[in-house]
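Structural overview
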Amino acid sequence: MAIVHNYLTMIISLTVVFVYHGFTTGEYTTATLNNRPIIGIMSQETHGKIYPKFGQSYIAASYVKYLESSGARVVPIMNDLSEEETEKLFNSINGVLFPGGGVNLSTSGYAKIGQHVVDLAKAAFSKGDYFPIWATCLGFEFVSTLISEDVNVLSKTDSENLPLPLNFSQDYRNSKLFGTIQDSLSHFFSTASTTMNMHKRSLLASTFARNQKLRSFFKILSTNKDRNGLEFVSTIEGIKYPIFATQWHPEKNAFEWTVKEDIPHQDMSIKVTQYMSNFFVDQARLNQHRFLSPEGEAAALIYNFTPIYTGNVSNFEQCYFFKSLQDAIF
């Protein structure tokens, strides 16, 4: 009887693990989970009067902290990689985060390398290689234009410095992203102005409804309205592919502190940050990519770079800056 009991306990435990966030038993086992996930963050060109003096590209440190807080390590993805270098790095990491920012969505290195990363992730998925992608704000806009194949799919909205509650879609609990959310956190999401919007362009809900490419690729999990009542899409996830995107900034609640922005910092808002980061890092644990050597892994990690305090010149508390591809050794 003891043997039977232990066997049943093991089955129940595995069921709990793999129903988590929408996955079923049989696809993965505890032995295949990667508990040393490494996630790449896409860098973007510096711009303005101040940032270029620090380097050619940058990553806001809040995105790094966001992933590290849930047990991942980070590798910067330089914005001047070749396709060969991008593919090599892709095969070494377990997921990619496209951060917010302000670069061109068709001509920048962020966009060009980003398109290659998305193509690699889709091709990998078709071969049974699960590679998750997260996209925030500019990243949301990037995947929207990429999948729609229309750089004009976005519309101008009055949604800068605007914390809002999420207007959940009717079936949001049937999603991977929100499938296991606690009732208390779901209630907070939908009633408190906690999700931080920092964008001047949005994917309108009406535009999404008319665009067959977007409708067939993404599922809407939430919408919001700007100050003028325009309804925009705020959270989406891939119907087939593990691509998740928020027009809002989950990392800001816990890791950005400028008084120039109305960022919510109450305890439940911090739990919002943690829920979202935990979800994505859990997704990365399902991927088994590895660097070819411990030395190559160590050389690529963000630990080789020192963040600079930029809170006195921008809305980011800290940023990592990179001079060129030569800053990274793979």
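Check the entry above for the structure.
As the structure is a prediction and not an experimental result, all values here were calculated from the model. (Residues numbered from 1 in each chain as written. Predicted model: local features only at pLDDT ≥ 70, side-chain atom pairs only at ≥ 80, totals over all residues. Heavy atoms only, no water.)

Going through the model one piece at a time under the given rule, you end up with 24 aromatic pairs. On the basis of an interplanar angle of 70° and a centroid distance of 6.2 Å, the ring pair of Tyr172 and Phe178 is categorised as edge-to-face. Neither Tyr172 nor Phe178 differs from the other in exposure class; each is buried. Here the aromatic residues Phe168, Tyr172, Phe178, Phe189, Trp248 and Tyr275 are joined through ring pairs into a cluster of three or more. (Phe/Tyr/Trp six-rings, centres within 6.5 Å; stacked < 30°, edge-to-face > 60°. Buried < 20%, exposed > 50% of the residue type's maximum accessible area, 1.4 Å probe, protein only.)

Under the defined criterion, the tally for this structure stands at seven salt bridges. A salt bridge links Lys219 to Asp171; its shortest N-O distance comes to 3.6 Å. In this pair, Lys219 sits in strand 10 (residues 218-225) while Asp171 sits in the loop between strand 8 (167-168) and helix 6 (183-191), placing the two residues 48 residues apart along the sequence. (Salt bridge = Lys/Arg side-chain N within 4 Å of Asp/Glu carboxyl O. Helix = DSSP H or I, 4+ residues; strand = E, 2+ residues; numbered from the N terminus.)

Leu67, Phe98, Phe178 and Phe189 are the most contacted members of the largest nonpolar core, which has 94 residues in total. Residues in contact with Phe178, not counting those within four places in the same chain, are Leu166, Phe168, Tyr172, Arg173, Phe189, Leu221, Thr235, Tyr275 and Met276. (Core = buried A, V, L, I, M, F, W, Y, C linked by side-chain atoms within 4.5 Å. Contact = heavy atoms within 4.5 Å.)

So, on to the sheet that holds strand 4 (residues 73-77). Taken together, eight strands build an open sheet; the order of strands is 4-1-5-6-12-11-10-8 and the sheet is mixed. Taken across any chain shown, the strands that pair with only one partner, and hence form the sheet edges, are strand 4 and strand 8. Judged from the three bridges that link them, strand 5 (residues 96-98) and strand 6 (residues 133-136) form a sheet pairing that is parallel. When the sheet's bridge partners are listed, Leu97 is paired in strand 6 with Trp134. The strands that helix 2 (residues 61-68) touches are strand 1 (38-42), strand 4, strand 5 and strand 6; relative to strand 1, the one it contacts most, it runs at about 160°. (Pairing = 2+ DSSP bridges. Axes fitted to C-alpha atoms, helices over the stretch in contact; angles between N-to-C directions.)

What follows concerns unusual backbone geometry. One can expect most non-glycine residues to show negative phi and most peptide bonds to be in trans. One non-glycine residue with positive phi stands out, namely Cys137, at about 55°. Mapped onto the fold, Cys137 is located in the loop between strand 6 and helix 5 (138-148). Phi is positive for Asn161, which is not a glycine, with a value near 55°. Within the secondary structure, Asn161 is located in strand 7 (residues 155-164). Residue Asn161 is classed as buried on the basis of its relative accessible area of 19%.

Right, let's get into the pairing of strand 4. Among the five residues of strand 4, five are classified as buried, and the element is accordingly described as predominantly covered. Of the two faces of strand 4, both are covered, the one formed by Arg73, Val75 and Ile77 as well as the one formed by Val74 and Pro76. Alignment of strand 1 against strand 4, held across five bridges, turns out to be parallel. Directly across from Gly40, in strand 4, lies its bridge partner Val75.

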